[in-house]
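Below are the chains, spelled out letter by letter.
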Amino acid sequence: MKRARTVIIGYAAVWGDLARRDDGWVQIRRGAFSTDAAAVSETRPLPMHWDHQSQGLFSAAKIPVGAIVELREDKHGLFMRAFPHVSQDAIDLMEAIRDRTVHGLSVAYDTMTAEFEELPKLGRVVVTKAPLVEISAVNHPAFKLTDVRLAQEDYDDGEPEPAEMQSAAPAA
């Protein structure tokens, strides 16, 4: 049966965007997450959190609010599509996205194994390769050009349409 579902979509990184660090600026280069992005799918999702809850930065909760099922790099940035979980946290997050009190995304990556290019004359570090840990919807994104929003998409749940069920019923 054809149904509609709400998905969370947005750009978790935008090429060329800068984020402030204690010692200057950081920028993410296209291709930095290409290996992990290619591995994400509906059968192998990446966790989506709210304000990096997986790292315990803002909350003790470590349960994701969604599953990122599509992650791809395009000419603009790192695009993601996620299925929200059925939980009160996910419902609250979707309401916050809807009213734009949560309007950005943040990428958490493993800084211990990430590769960087130092550009001291520009006062910046460029992330060239980094393993993704998770992506979070956030109130105050470090990279200001990120975006998150809700969308509706159609899908087939595999159940027969009501008319098909009636025609398949045995005659009385």
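Predicted, not measured: the structure shown is a model, and the values here were computed from it.

What counts, and at which threshold
- Residues numbered from 1 in each chain as written.
- Predicted model: local features only at pLDDT ≥ 70, side-chain atom pairs only at ≥ 80, totals over all residues.
- Heavy atoms only, no water.
- Helix = DSSP H or I, 4+ residues; strand = E, 2+ residues; numbered from the N terminus.
- Buried < 20%, exposed > 50% of the residue type's maximum accessible area, 1.4 Å probe, protein only.
- Contact = heavy atoms within 4.5 Å.
- Areas by Shrake-Rupley, 256 points an atom, 1.4 Å probe, with all protein chains shown as cover.
- Pairing = 2+ DSSP bridges.
- Axes fitted to C-alpha atoms, helices over the stretch in contact; angles between N-to-C directions.
- Arc of directions from axis to C-beta.
- Polar contact = N/O pair within 3.5 Å; in protein donor to acceptor, adjacent residues only side chain to side chain.

Draft legend 1. Spatial organisation of the overall build of the chain. A tally of helices and strands in the chain yields three helices and eleven strands. Each helix and strand of the chain, ordered N terminal to C terminal, gives the series β-β-β-α-β-β-β-α-β-β-β-β-β-α. Within the chain, the proportion of its 172 residues that are buried is 42%. Within the chain, contacts between residues separated by at least 24 positions form 72% of all contacts whose residues are at least 6 apart in sequence. Of the roughly 9,800 Å² that the chain leaves accessible, carbon and sulfur atoms contribute 55%.

Draft legend 2. Focus on the sheet that holds strand β9 (residues 124-129). Ordered in space as β2-β3-β9-β8, the four strands form an open sheet in which the pairing is mixed. Edge strands, defined here as strands with exactly one partner in the open sheet, are β2 (18-21) and β8 (115-119). Neighbouring strand axes in the sheet, compared pairwise and without regard to direction, differ in orientation by 30° on average. Summarising the sheet, strand β3 (residues 24-28) and β9 pair through four bridges and their orientation is parallel. By the bridge assignment, Trp25 is partnered in β9 with Arg124.

Draft legend 3. Quick peek at the pairing of strand β4 (residues 46-50). With respect to burial, β4 is a largely interior element, four of its five residues being buried. One ladder, built from three bridges, connects β4 with strand β5 (residues 66-73); its direction is antiparallel. Paired with Met48 across the two strands is Gly66, which belongs to β5.

Draft legend 4. Fine view of the pairing of strand β1 (residues 2-14). Bridge count for β1 against strand β11 (residues 147-156) is ten bridges, and the pairing is antiparallel. In the sheet register, Arg3 faces β11, and the bridge partner there is Tyr155. As paired elements, β1 and strand β6 (residues 77-84) share six bridges and run antiparallel to each other. Bridging from a neighbouring strand, Tyr11 pairs with Phe79 of β6.

Draft legend 5. Quick peek at helix α2 (residues 88-98). Of the positions making up α2, those classed as buried are Ala90, Leu93, Met94, Ala96 and Ile97. Looking down the long axis of α2, one finds its buried residues gathered within 160° of arc, a one-sided arrangement. Facing away from the buried side of α2 by over 90 degrees, the exposed positions are Gln88 and Arg98. Buried positions along α2 lie against β1, β4, β6, β10 (132-138) and β11. Count one or two residues on from α2 and you reach Arg100, which has phi positive near 70°.

Draft legend 6. Representation of the side chain of Ser136 in the model. Examined against the element boundaries, Ser136 turns out to sit in strand β10. One polar contact links the side chain of Ser136 to the main-chain amide nitrogen of His52, over a distance of 2.8 Å. Residues in contact with Ser136, not counting those within four places in the same chain, are His49, Trp50, Asp51, His52, Gly104, Leu105 and Ser106.

Draft legend 7. Region of the structure containing the sheet that holds β5. Taken together, the seven strands give an open sheet; going across it, the order is β7-β10-β4-β5-β6-β1-β11, and neighbouring strands pair in mixed fashion. Of all strands in the sheet, those bounded by a partner on one side alone are β7 (104-109) and β11. Here the average twist between neighbouring strands, direction ignored, is 35°.

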